[in-house]
Structures are given as structure tokens and as C-alpha cells.
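Residue-level listing of the chains:
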Amino acid sequence: MTEDDFWWCIEKATNHQNWRANLILDNGGDTTHYMKRKYIEKFKILKGVVEESVTGVHRLYQMTKNDCLPIPAMNINDSVVKGKFDNLYCCREAVIDSLKKTTGIMFGGKQVLICGYGEVGKGCCSALRGMGAIAYVTEIDPICALQACMDGFKVIRVDDAIRIVDIVITATGNKNVIRREHMNRMKNGCIVCNMGHTNSEIDVDSLRTPDLTWERVRSHVDHVVWPDGRRIVLIAEGRLANLTCSNVPSFVVSITACTQMLALIELFKAQPNKYKGDVYLLPKKMDEYVASLHLAGFEAQVLKDDFLRCKNAFLWRE
């Protein structure tokens, strides 16, 4: 699918002649912003938005900060089951699968820089360490940085690690985390890939200059060659490696879809004025319900009676 195809699909979905949407289920915020910008009157009568990505949630919070979100929005990304399974556990498997399929690399002894230690970064670090790689973490959030330290990872600046690492993985959801100035200093053969949501974490546009040569090696793998012969291996042109080069396990799809559907139902059936033009977290009871539905696949038993006894004893002691 080209970028033009992408926007054509959104246009048809938001402005179809024979039907009218009453909710938006979004991933990244593109549909939400497109409809708000082009069809504001239709946007205002929606019952709400359900958003599942880091980037999309950030954009919604920015809209509330600027007081320009006229309808309620449900933040699925920060729900416990979605955050853990879609971000941590899924990416823990997908990062290995993506890099193996595209490069055939052996991870043992490789030095890897993971940019970001949120749920996606945690999953990547866990998987790579399990494969024998030496993982470094870069962070701007002191809490996430402290978590990385307590998990046994070296927290380091990008500028200090970029010359020595064999693989660079972005997992921040921010823009231009890895820039041309960094890629100019990478070692020959360094693999660069993106596991965060936005496709702008790696400044790929800065590599499209006359002095650099692009060589398509195979599907989703490009060598970008510098004048001195040094090259980097760019995965999926900076797009999401876990979606472009791997598959999302059906179990994770089930958990995320259940969470999204419950949020859609909640917004659709909500009494007037229960939710206003703001961003809301998924109620905890819905998180627990989604988790309980999927426990059967593990033949797990939740000790409800013991939990209630402990809870009541705790309340009594208070």
C-alpha cells in the first residue's frame, strides 16, 4: 500500500455517501485528525474515539491540552492488558523474528542499542539478552532509566554508544531519535530498525541525498552506502519492523481486539454527559474481564475466595 492509498482509504471511511460513522477505532491518530480537520461537523457528533497506540494517545492528549477535542476518547494503549501483551510480550517475540527473517543475523555477542525503555523497549531488551546479545539502553525518562538499571542494562547516551553497536533499535514513539549525524558515525554493517509506533523515529529522509547510494538487498532490506564504502542495513525503510517483517500472534490480536471492543461498547452505550471531550483510561474492571477471558487458554485458576479473604482482612486491619 502506498501513502496515497492510505489516505484514500481514510477519506472513503470518513466521508462515505451511504453510511455515517458513529465511532472511530484508531491506531496512530491519523483517522481522528483527518476527520477533525476535513469534516469537523461529522466529527463533533461522533460518540467517541478509541485509540490504541502511544503516538495516537499523545496526539489526543495534545488536543485536550489545546482544548480542541470535542468528543470523548478512550486510551487503550495504557490499559494493562494491551500495554503488556501488545507492547511487551508481542514485541519481545517480534523483534527477534523480524531481524532473523530480514538479515539472518546471529545475536550472540552482538552489541545492541535500544532507544527507549517503555513496554516495547523492555520486551526488546528481554528478548535480545535471552539470545546472548549485549544490550544498552538510552532514555530521557529518569524512571524508565532507573528501571533499565535495576533490570541490569547499561543506560548510555546515543552519542556514546553509536560507534560500537552492531544493531540500533528505536522504541520511543518520538521523531528523529536516530538522525543523520548518528548514522554517519555507525560502524560498517550496523543494522538499523524501528519497533516504535511512528515511522519517523529514524530520519530516513536525511539519507536520500546524492552522496549516498541505496541498494535493495531483499524485501524490506536496504543497504545505504557512504562514499567511503561503509554501509548500514536499514530495515523496512524505517517503518515498523514488527508489523512489516513479522506477524502479530493471534493471541495478542485477540486480547487487543477484546479491549478495543469493550471500549467501543462503553462509549456507544454511555449515558449522555457521562463522558466529555477528554481522554479516559479503560476502566479496570474491563481490563480484568479481558484477562479472565484469556486465562482459560492456560488452564489457569484464579483464587477468588482467597483474594476476597485477604482483601477483607486488609480492610479490617485498616
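On a predicted model such as this, the values are computed, not experimentally measured, just so you know.

**Brief notes about the sheet that holds strand E2 (residues 49-51)**
Taking strand neighbours across the sheet as the criterion, the 4 strands line up as E1-E2-E3-E12 in an open arrangement whose pairing is parallel. The open sheet terminates on both sides in strands that have one partner only, identified here as strand E1 (24-26) and strand E12 (279-281). When the angles between neighbouring strand axes are averaged without regard to direction, this sheet yields 25°. In this sheet, E12 lies alongside strand E3 (residues 73-75) in parallel orientation, the contact comprising 3 bridges. The residue bridging methionine 74 from the neighbouring strand is tyrosine 280, located in E12. Lying on the sheet, helix H11 (residues 250-269) is in contact with E1, E2 and E3; it crosses E2 at an angle near 160°.

**A look at the environment of threonine 198**
With respect to the secondary-structure elements, threonine 198 resides in the loop between strand E8 (190-194) and strand E9 (213-218). The class for threonine 198 is buried, based on a relative accessible area of 13%. Between the C-alpha atom of threonine 198 and that of threonine 172, which follows or precedes it by 26 residues, the distance is 8.7 Å.

**Describing the packing of helix H2 (residues 30-38) against helix H4 (residues 54-65)**
Closest axis-to-axis distance for the H2/H4 pair is 9 Å, and the angle between their directions is 35°. Here H2 contributes Asp30, Thr32, His33 and Lys36 to the contact with H4, which in turn contributes Arg59, Leu60 and Met63. Considered class by class, the residues forming the contact of H2 with H4 number 2 nonpolar, 2 polar and 3 charged.

**Examining the pattern of salt bridges**
Counting across every chain of the model gives 16 salt bridges. Here lysine 274 ties to glutamate 266 by a salt bridge, and the two come within 2.9 Å at their closest N and O atoms. Judged by relative accessible area, which is 16%, glutamate 266 ranks as buried.

**Focus on the nonpolar core**
Counting residues in hydrophobic clusters, the biggest one holds 33 residues, and the most contacted among them are Leu99, Ile169, Met195 and Ile235. For this core, the secondary-structure elements that each account for two or more residues are helix H5 (80-103), strand E4 (111-115), helix H6 (119-130), strand E5 (134-138), helix H7 (142-150), strand E7 (167-170), E8 and strand E11 (231-235). Once residues lying within four places of it in the same chain are set aside, the contact partners of methionine 195 are Cys91, Ala94, Val95, Val120, Cys124, Ile169, Thr170, Ala171, Leu240, Ala241 and Asn242. Membership of the second largest hydrophobic core comes to 23 residues, among which are Leu113, Val177, Ile202 and Trp226.

**A short note on the pairing of E11**
Taken across its 5 residues, E11 has 4 buried, putting it largely inside the fold. Pairing analysis gives 3 bridges linking E8 to E11, with the strands arranged parallel. For isoleucine 191, the partnering residue across the bridge sits in E11 and is valine 233. Judged from the 5 bridges that link them, strand E10 (residues 221-225) and E11 form a sheet pairing that is antiparallel.

**Observations concerning a nonpolar patch on the surface**
Together, Leu25, Met261 and Ile265 make up a nonpolar patch on the protein surface, roughly 260 Å² of accessible area in all. Take leucine 25: it is sitting in strand E1. Residue leucine 25 is classed as partly exposed on the basis of its relative accessible area, which comes to 41%.

How each quantity is defined
- In this convention, every chain numbers its residues from 1, walking through the sequence in written order.
- Per-residue local features of the predicted model are confined to residues with pLDDT of at least 70, and side-chain atom pairs are confined, for both listing and counting, to 80 or more; whole-chain, interface and lining totals are unaffected and use all residues.
- To obtain the side-chain values, all non-hydrogen atoms of the structure were used and water was disregarded.
- Two strands form a pair only when DSSP identifies at least two bridges running between them.
- Where helices and strands are cited, they refer to DSSP runs of H or I of at least four residues and of E of at least two residues respectively, numbered from the N terminus.
- Only the stretch in contact is used when fitting a helix axis, every axis being a line fitted to C-alpha atoms; angles between N-to-C directions are given from 0 to 180 degrees.
- Two residues form a contact once any of their heavy atoms are found within 4.5 Å.
- A 1.4 Å probe rolled over the protein chains alone gives each residue an accessible area, and that area as a share of the maximum for its type sets the label: buried under 20%, exposed over 50%, partly exposed in between.
- Gly is put with the polar residues, along with every residue not named as nonpolar or charged; the nonpolar set is Ala, Val, Leu, Ile, Met, Phe, Trp, Tyr, Cys and Pro, and the charged set is Asp, Glu, Lys and Arg.
- In what follows, salt bridge is the name for a side-chain nitrogen of Lys or Arg lying within 4 Å of a carboxyl oxygen of Asp or Glu.
- Nine residue types can take part in a nonpolar core, namely buried Ala, Val, Leu, Ile, Met, Phe, Trp, Tyr and Cys, and a core is a set of them joined through side-chain atoms within 4.5 Å.
- Patches here: salt-bridge-free residues with over 30% relative accessible area, like charges joined within 9 Å, nonpolar side chains (Val, Leu, Ile, Met, Phe, Trp, Tyr) joined within 5 Å.
- For accessible areas, the Shrake-Rupley method is used with a probe of radius 1.4 Å. Any residue's cover is judged against the shown protein chains and nothing else.

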